[in-house]
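Next come the chains, spelled out residue by residue.
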Amino acid sequence: MSTLPDPSRGAAVKATDRAHVFHSWSAQALIDPIAVAGAEGSYFWDHDGNRYLDFSSQLVNTNIGHQHPKVVAAVREQAARLCTIAPGFAVDVRSEAARLVAERTPGDLDKIFFTNGGAEAVENAVRMSRLHTGRTKVFSAYRSYHGATATAINLTGDPRRWPSDTASAGVVHFWTPYLYRSPFHAETEEQECERALRHLEDVLVFEGPQTVAAIVLETVPGTAGIMVPPPGYLPGVRKLCDKYGVVLILDEVMAGFGRTGRWFAADHWDVVPDLLTFAKGVNSGYVPLGGVAISAEIAATFDRRPYPGGLTYSGHPLACAAAVATIGAMAEEGIVENAARIGDEVLGPGLRELAERHPSVGEVRGTGVFWALELVRDRATREPLVPYNASGEDNAPMAAFTAACRAAGLWPFVNMNRTHVVPPCTVTEAEAKDGLALLDEALAVADAHTG
């Protein structure tokens, strides 16, 4: 730790936070945020001197870890040279960030529209698809999260959508592959893939393909459970989009920039979408940045027709400087390759070994540094450790597991009955093994709730 413990400073930070900060996704009177004093690499710490191994990458965004010196230096240098400029100007750092992103996106996704984050990227991708096709409906998965802005939250499948669902955004939800809890009664991965594609085409036909602008999919669903799609699924969705003239939008906000062991998760299946959204890992969240990578055909729609969208901070110089430095560091230091190796050699085998010893682990799934453990009460029945969208006493087993992780110095990413193992792409083999050992201890708490 680079700062000495100072509990009085921590208490003052928490008091001011309580008085003035309104926190997202929270009942304000029921939360007690940790006052963070600093962070470096795979760790962060509080003012009391407690250090945590960050197996959450915060919100699965610090892909190059905390305080990477090359990115910190780039932001400082850019701030000294040009802090901000309106998006209508051409500026070197914005152009270079766009070039570096386009160089890594699949296919001809060579034009980049910058946003401030992932939700705005999804909003604009949907807008582009509707304007390009002249259609209104958009399909998205029930097990998904796409953001908290108006359209993005309606696209989202999980319960965070419910309080804001106006049923007027033209969104149609459908089921995607999830063999462990197959909605198609499949017994094999091949059956799950075939039946999921048939289901999607059936819904398209009954909704009227001529009314559907786009299908939006997280390439690998993130918060919804890290369900890696079976080999033929995404190519099959691409074929359906081509058949019916529907735009394919892949949401790579969480899965992109090394998280799955490739620059983009789409690369695992050689699928080229029409639009690709990104954020988070593009600069590890050091300065807010997101964007849409646009195909040549859709970009041409707006050659002579103004695109009706924009943001004051689109392509903000400080954010773009962070992106240029992040992408550069990832390439120079083999960070994407490290994520793949750690997944193949450490996390994958280690998590499967934990599953053999802990009855609370129903399934292990993932790739790269993007994994989930599905926790259950009974492996035979696959009853979740807590009910869907549980809160209060119903969520007590997961709350106890989470508390055990934190008490041991491991910061997990927990959602419903799952714990996600999503450390930075820079995590070392030793750090990954330390995290697995801490997770091993905490799973004993979950095991106590199995029947």
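Let me sum up the structure you'll find in this document. (Residues numbered from 1 in each chain as written. Predicted model: local features only at pLDDT ≥ 70, side-chain atom pairs only at ≥ 80, totals over all residues. Heavy atoms only, no water.)

The full count for this structure, using the stated rule, is 22 salt bridges. Ionic pairing is found between Arg99 and Glu103, a salt bridge with its closest N-O pair at 2.9 Å. Of this pair, Arg99 and Glu103 both sit in helix H4 (residues 92-104), four residues apart, which is roughly one turn of that helix. Notably, a salt bridge pairs Glu194 with Arg198, separated by 2.8 Å at the nearest N-O pair. Residue Glu194 and its partner Arg198 are located together in helix H7 (residues 189-207), separated by four residues, close to a single helical turn. A single salt-bridge network, built from bridges that share partners, covers Glu96, Arg99, Glu103 and Arg104. (Salt bridge = Lys/Arg side-chain N within 4 Å of Asp/Glu carboxyl O. Helix = DSSP H or I, 4+ residues; strand = E, 2+ residues; numbered from the N terminus.)

To continue, consider the sheet that holds strand E5 (residues 137-141). Read across the sheet, seven strands follow the order E4-E10-E9-E8-E7-E5-E6 without closing on themselves; strand pairing throughout is mixed. Every interior strand has two partners, whereas the edge strands, strand E4 (111-115) and strand E6 (171-174), have only one. Across this sheet, the average inter-strand angle for adjacent strands is 20°, counted without regard to direction. As paired strands, E5 and strand E7 (residues 212-218) are joined by four bridges and run parallel to one another. (Pairing = 2+ DSSP bridges. Axes fitted to C-alpha atoms, helices over the stretch in contact; angles between N-to-C directions.)

Here we come to the nonpolar core. Counting residues in each nonpolar core, the largest one holds 66 residues, and the members touching the most others are Phe278, Leu351, Leu375, Phe401 and Leu439. Listed in part, the 36 residues of the second largest apolar core include Leu197, Val212, Ala255 and Phe413. (Core = buried A, V, L, I, M, F, W, Y, C linked by side-chain atoms within 4.5 Å. Buried < 20%, exposed > 50% of the residue type's maximum accessible area, 1.4 Å probe, protein only.)

What follows concerns the sheet that holds strand E2 (residues 43-46). Sheet architecture is open: four strands sit in the order E1-E2-E3-E14, paired in mixed fashion. Pairing within the sheet leaves two strands with one partner each, and these edge strands are strand E1 (36-40) and strand E14 (410-411). Note: E1 against E2, four bridges, orientation antiparallel. Of the residues in E2, the one forming a bridge with Val36 is Asp46.

Here the focus is the packing of helix H12 (residues 396-408) against helix H13 (residues 429-447). Relative orientation of the contacting elements H12 and H13 amounts to 150°, with a least axis distance of 8 Å. The pairing of H12 with H13 is recorded here as roughly antiparallel in orientation. The handedness of the crossing between H12 and H13 is right-handed. Judged by residue contacts, Ala400, Phe401, Ala404, Cys405 and Ala408 of H12 engage Leu438, Leu439, Glu441, Ala442, Leu443, Val445 and Ala446 from H13. Across the contact of H12 with H13, the residue classes tally to 11 nonpolar, no polar and one charged. (Parallel < 35°, antiparallel > 145°, perpendicular 65-115°, else oblique. Left-handed = near helix turned anticlockwise from the far one by under 90°. Contact = heavy atoms within 4.5 Å. Nonpolar A, V, L, I, M, F, W, Y, C, P; charged D, E, K, R; others polar.)

It is worth spelling out helix H3 (residues 69-81) at this point. If you check H3, its first and last C-alpha atoms are 18 Å apart, about what 13 residues at 1.5 Å a residue would give, namely 18 Å. Of all the residues in H3, the buried ones are Val71, Val72, Ala74, Val75 and Gln78. An end-on view of H3 places all buried positions within 160° of arc, on one side of the element. Projecting away from the buried face of H3 at angles above 90 degrees are the exposed residues Pro69, Arg76, Glu77 and Ala80. Those residues of H3 hidden inside the fold are in contact with H4 and helix H10 (317-332). (Expected span 1.5 Å × (residues − 1). Arc of directions from axis to C-beta.)

The next point concerns the pairing of strand E3 (residues 51-54). As defined by bridge partners, E2 adjoins E3 across three bridges and the pair is classed as antiparallel. Counterpart to Trp45 in the pairing with E3 is Arg51. Counting the residues in the hairpin turn of E2 and E3 gives four residues, including Gly49, whose phi is positive at 95°. One ladder, built from two bridges, connects E3 with E14; its direction is parallel. Each bridged residue has a counterpart across the sheet, and for Leu53 the counterpart in E14 is Leu410.

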